[in-house]
Amino acid sequence: AFKLLEEAVESLPSDPRVALLNGISRLNAPRACGGGPVKGEGELRRAIRLFANDRSVSPQPVWGLVAAHIWLGIALEQQGKTAEERAEFQRALAIVPGHRWVTGQLLPALDKPR
């Protein structure tokens, strides 16, 4: 699967959605297979940088920025970077106020003992 993602990244190096999907995949893959939170974090940060220059308009894909902030927050959580995690969730809420996953699960989980 990573071979296909690498081909997509090579073909579309400035596409933030490709970077987002690669970041999510890297985050959720075992470290032994080239994944883990550090690998995911780097690619998710790259996706967010690429979204800054994204000018897609419908019918082209226009999704992804909120997801990039959420998944970056999850990658940060897995590394124990709670303050940075909270900041990413707040950035997601600035884009989509009241986002149900963020307000209903992710932020409340930050306030629970770990």
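Residues numbered from 1 in each chain as written. Predicted model: local features only at pLDDT ≥ 70, side-chain atom pairs only at ≥ 80, totals over all residues. Heavy atoms only, no water.

Chemist: Help me out: how do you make sense of the nonpolar core in this one?
Modeler: Formed by 23 residues in total, the largest nonpolar core has its most connected members in Leu-20, Leu-44, Ile-70, Phe-89, Val-102 and Leu-107. The set of elements that each furnish at least two residues to this core consists of helix H2 (16–28), helix H3 (37–51), helix H4 (65–77), helix H5 (82–95) and helix H6 (100–110). Broken down by element, the residue count for this core peaks at seven residues, all from H4. Sequence-distant contacts of Val-102, that is, excluding residues within four places in its chain, are made with Ile-70, Phe-89, Ala-92, Leu-93, Leu-107 and Pro-108. (Core = buried A, V, L, I, M, F, W, Y, C linked by side-chain atoms within 4.5 Å. Buried < 20%, exposed > 50% of the residue type's maximum accessible area, 1.4 Å probe, protein only. Helix = DSSP H or I, 4+ residues; strand = E, 2+ residues; numbered from the N terminus. Contact = heavy atoms within 4.5 Å.)

Chemist: Please explain the pattern of salt bridges as it appears in this structure.
Modeler: Oppositely charged side chains may form a pair once their charged atoms are brought near each other. Throughout the structure, instances matching the rule amount to nine salt bridges. Put simply, Asp-54 and Arg-17 hold a salt bridge, and the shortest N to O gap is 2.7 Å. Here Asp-54, found in the loop between H3 and H4, pairs with Arg-17, found in helix H2; they are 37 residues apart in sequence, far enough to count as distant. For Asp-54, a relative accessible area of 22% corresponds to the partly exposed category. Assessed through its relative accessible area of 7%, Arg-17 is described here as buried. The partner of Arg-91 in a salt bridge is Glu-88, and the shortest N-O contact between them spans 2.7 Å. On the criterion of helical spacing, the pair formed by Arg-91 and Glu-88 is a turn pair, its members being three residues apart in helix H5. (Salt bridge = Lys/Arg side-chain N within 4 Å of Asp/Glu carboxyl O.)

Chemist: Quick question: what am I supposed to make of the side chain of Arg-46 here?
Modeler: Along the chain, Arg-46 falls in helix H3. For Arg-46, the side chain forms a polar contact with the side chain of Glu-43, separated by 2.9 Å. If near-sequence neighbours (up to four positions away) are discounted, Arg-46 is found in contact with Val-9, Pro-13 and Ala-19. (Polar contact = N/O pair within 3.5 Å; in protein donor to acceptor, adjacent residues only side chain to side chain.)

So yeah, pure geometry; function would need other evidence.
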